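This is what each chain is made of:
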Amino acid sequence: MSRFLSVVIKPTLACDMGCRHCYHSPEEMSSGARISFDRLERLFTMLSREYDSVWFVWHGGEPLSMPFSFYRKVLDMQERILGPNRYGNTVQTNGAAVDRKFIKFCRDRQINIGISHEGQFNSVLRPDGNAVEKRITEMADKERVFSVSSTISRETQDKQAEIYRHFRDIGTAVSINPVLPLGCASCRKELVPDPEAYIRSSIDAFDEWFNDPEVRIPLIPHYLYVLSALGDPQGSDCAHSSCLTKWLCVYPNGDLYPCAKPCPQSMRLGNVDTIRSISEAFRSDGFAEILKGTIARREKCASCELFRYCQGGCSIDALAEGGIENNGGDSCRIFREVFSHVKRCVDSITEEKKDLSGYNVFVRDAVLGKLVNPALDRYVM
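Residues numbered from 1 in each chain as written. Predicted model: local features only at pLDDT ≥ 70, side-chain atom pairs only at ≥ 80, totals over all residues. Heavy atoms only, no water.

**Student:** Is there a simple way to think about helix α8 (residues 222-229) in this case?
**Tutor:** Because each turn of an α-helix spans 3.6 residues, side chains separated by three or four positions end up pointing in the same direction. Among the eight residues that make up α8, seven are buried, leaving the element largely enclosed by the rest of the structure. When we look at burial in α8, the residues that qualify are H222, L224, Y225, V226, L227, S228 and A229. Phi turns positive one or two residues past the end of α8, at G231, with a value near 100 degrees. (Buried < 20%, exposed > 50% of the residue type's maximum accessible area, 1.4 Å probe, protein only. Helix = DSSP H or I, 4+ residues; strand = E, 2+ residues; numbered from the N terminus.)

Structure representation (structure tokens):
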């Protein structure tokens, strides 16, 4: 039995927003397909046999296109099949259908909520989000764990510090990531940010967060980069970790893929209805294809000084940027420059033994954590 698996479930591809950068085409979003409870029961049963614990991410489309009763039944099914303390859930939503009833349900059943929203720049990629903004403000510091995911387009590539400040002032954690040339954005290349502009803006946001001793929210992925620079690679940073065999994505029709990002049909790992075990999916021809390409790319990356921190980057990003076997695309350049800057800042603290009071609490705690962990300690007083 393996220790842990993250499973992204797309119960439907339907969505009420039609965001310009969506992973799914309008045809997919209008298909009406929904995952069945029989299919979920079969999935949960296979997972219970092979994994100690599973974290489910309910994605889409818009997962809250499914009725409220769906999630009640899902939670009861998880408890019955997987048992207590063996599973957790996150709902990643556009926030339009989040109401007090759903928030209470998530709080009572310990479900994390992720809301995709760009604050004051939300209208660039999505329809008007005033109601979502109001709900985020109401949820801050009052409800179950939740965070905001902000996607940066070419139009907002210079606005990352402004977006960070917006959510810092509200008091909610925020993750900032670029539009990728995938799904709808593969046909709208004008949405994809210029890498050099994105790098500059990302570093500006990090510097402001890093040097603010009063801030009380993490800035992602920068906080994960801080931890990684200190010698504690973060599996939750799936784009820069050895994610293969650690993530699985389930579509409404039961098809399995290695990632929630749009993958070609050739990378299909099978179908929930026909496989006999999850390990069978990881022995499929589709998984062999992504594994072969990933190994070829990582062999090219192995001589890079940052390889231990990025593990060759995301295979699906590489596929979209010039081929799964190739490195050096925009996502590689962005990580190299932003992470290198983060690492220089972290190294300056640990090597010069600087006073930690001038940095935010997340940086202070991360550095102090090294003091009590001999396996990671470089900061010797």
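**Student:** Honestly, the packing of aromatic side chains in this entry has me stumped. Any pointers?
**Tutor:** Enumeration according to the criterion identifies 22 aromatic pairs in this entry. Ring centres of F68 and F105 lie 5.0 Å apart, and the angle between their planes is 70 degrees; this geometry places the pair in the edge-to-face category. One end of the pair, F68, is in helix α3 (residues 68-81); the other, F105, is in helix α4 (residues 100-108), with 37 residues separating them in the sequence. There is no split in this pair, since F68 and F105 are both buried. Considering the side-chain rings of F102 and F105, the 6.3 Å spacing of their centres and the 40 degrees angle between planes classify their relative orientation as tilted. (Phe/Tyr/Trp six-rings, centres within 6.5 Å; stacked < 30°, edge-to-face > 60°.)

**Student:** Help me understand unusual backbone geometry in this model?
**Tutor:** With glycine set apart, most residues show a phi of negative sign, and most peptide bonds adopt trans. Residue G61 is bonded to the preceding G60 through a cis peptide linkage, with omega at 15 degrees. Mapped onto the secondary structure, G61 falls in the loop between β2 (51-58) and α3. Of note, the bond from I220 into P221 is cis; its omega dihedral lies within 30 degrees of zero at 10 degrees. The backbone phi angle of T245 is positive, close to 75 degrees, even though this residue is not glycine. By secondary structure assignment, the location of T245 is in the loop between α8 and β8 (247-250). Its identity is not glycine, yet Q311 carries a phi of approximately 55 degrees, on the positive side. In this structure Q311 comes out as partly exposed when scored by relative accessible area, which is 21%.

**Student:** What's the story with the confidence of the model for the protein in this structure? I'm lost.
**Tutor:** Interpretation of this model should avoid reading the predicted coordinates in detail wherever pLDDT is low. Per-chain confidence: the protein averages 92 in pLDDT, with 95% of residues scoring 70 or above. Every residue in residues 376-381 is under pLDDT 50, and counting partners more than four places away or in other chains gives 21 contacts. (pLDDT = per-residue confidence, 0-100. Contact = heavy atoms within 4.5 Å.)

**Student:** Whenever I open this one, the nonpolar core confuses me. Can you help?
**Tutor:** Side chains of a nonpolar character, in soluble globular proteins, are inclined to be buried together. Ranked by internal contacts, the top residues of the largest apolar core, which has 116 residues, are I9, L40, F44, L47, F56, W58 and W209. It is helix α13 (residues 330-352) that contributes the most residues to this core, eight residues altogether. (Core = buried A, V, L, I, M, F, W, Y, C linked by side-chain atoms within 4.5 Å.)

**Student:** Looking at this structure, how should I read the environment of S340?
**Tutor:** Along the chain, the position of S340 falls in helix α13. For S340, a relative accessible area of 18% translates into the label buried. Sequence separation between S340 and R72 is 268 residues; the distance between their C-alpha atoms is 45 Å. Contact partners of S340, with chain neighbours within four places excluded, come to L306 and F335.

**Student:** Would you mind going over the side chain of R297 with me for this structure?
**Tutor:** With respect to the secondary-structure elements, R297 resides in helix α10 (residues 285-301). Buried within the structure, R297 lacks any salt-bridge partner; its nearest side chain of opposite charge belongs to E321, at an N-O separation of 8.6 Å. What R297 contacts, discounting residues up to four positions off in sequence, is G312, G313, C314, S315, A318, I324, E325, N326 and N327. (Lys, Arg positive; Asp, Glu negative; His and termini not counted. Salt bridge = Lys/Arg side-chain N within 4 Å of Asp/Glu carboxyl O.)

**Student:** Any chance you could explain the side chain of K261 here in plain terms?
**Tutor:** Topologically, K261 is positioned in the loop between β9 (256-257) and α9 (278-281). Take K261: its relative accessible area is 13%, and that puts it in the buried class. Among residues more than four places away in sequence, those in contact with K261 are Y23, L180, L182, C314, I316 and D317.

**Student:** Please clarify how the environment of T294 should be interpreted in this entry.
**Tutor:** For T294, the location among the structural elements is in helix α10. Taking C-alpha positions, T294 is 11 Å from C243, a pair spaced 51 residues apart along the chain. For T294, the contacting residues outside a window of four places in its chain are L244, S315 and I324.

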